[in-house]
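Coordinate analysis (summary)
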Amino acid sequence: QVQLVESGGGLVQAGGSLRLSCAASGRTFSLYIMGWFRQAPGKEREFVAAIRWNGGSTYYGHSVKGRFTTSRDNAKNTVYLQMNSLKPEDTAVYYCAARLGSYFQVDADEYDYWGQGTQVTVSS
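Residues numbered from 1 in each chain as written. Predicted model: local features only at pLDDT ≥ 70, side-chain atom pairs only at ≥ 80, totals over all residues. Heavy atoms only, no water.

Strands sit in the order 1-3-8-7 across an open sheet of 4 strands; the sheet is antiparallel. A strand with exactly one partner marks an edge of an open sheet, and here the two such strands are strand 1 (2–7) and strand 7 (68–73). Each adjacent strand pair in this sheet contributes to an overall mean axis angle of 20°, direction not counted. Looking at chain direction, strand 1 and strand 3 (residues 18–26) are connected through 6 bridges and run antiparallel. From the neighbouring strand, valine 2 faces strand 3, where its bridge partner is glycine 26. (Pairing = 2+ DSSP bridges. Helix = DSSP H or I, 4+ residues; strand = E, 2+ residues; numbered from the N terminus. Axes fitted to C-alpha atoms, helices over the stretch in contact; angles between N-to-C directions.)

Structure, rendered in structure tokens:
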């Protein structure tokens with residue numbers, strides 16, 4: 001089993017920055033892809049970014065590429081999402097997720113474990 005706990009959400013003005021953290025516990029994480037998703041009210045869950053624990057390669061969704069950066073600290077079993085140049089349309093509940101296997105996936109159904117989510121609100 002894997003437990004994921006997000007933190008770092010909050011209220012920020014447009015153009016500002018936030019850093020989300022996802023602390024993971026449980027099984028060995030070198031086998032996992034860690035993903036970030038978000039869900040705004042009335043919308044489907046959207047892929048944001050993903051990172052491979054072993055090697056640190058990353059993959060980003062089109063809407064955040066160039067503004068968001070995901071990274072990991074293997075010693076702390078923690079994954080981060082640095083969000084810069086935030087826009088009001090970035091407002092959503094942000095989730096981290098983990099999946100078995102080594103391939104990046106943008107489909108939320110391909111992820112096996114989920115955190116509880118953290119709210120990010122960007123004011124205009």
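Turning next to the state of the cysteines. By definition, a disulfide links the sulfur atoms of two cysteines through a covalent bond. Under the counting rule described, the total for this entry stands at 1 disulfide. Disulfide pairing places cysteine 22 opposite cysteine 96 at an S-S distance of 2.0 Å. Because the torsion about its S-S bond is 55°, the bridge between cysteine 22 and cysteine 96 counts as right-handed. One end of the pair, cysteine 22, is in strand 3; the other, cysteine 96, is in strand 9 (residues 92–100), and 74 residues separate them in sequence. Accessibility expressed as a relative area gives 0% for cysteine 22, which makes it buried. (Disulfide = S-S within 2.5 Å. Buried < 20%, exposed > 50% of the residue type's maximum accessible area, 1.4 Å probe, protein only.)

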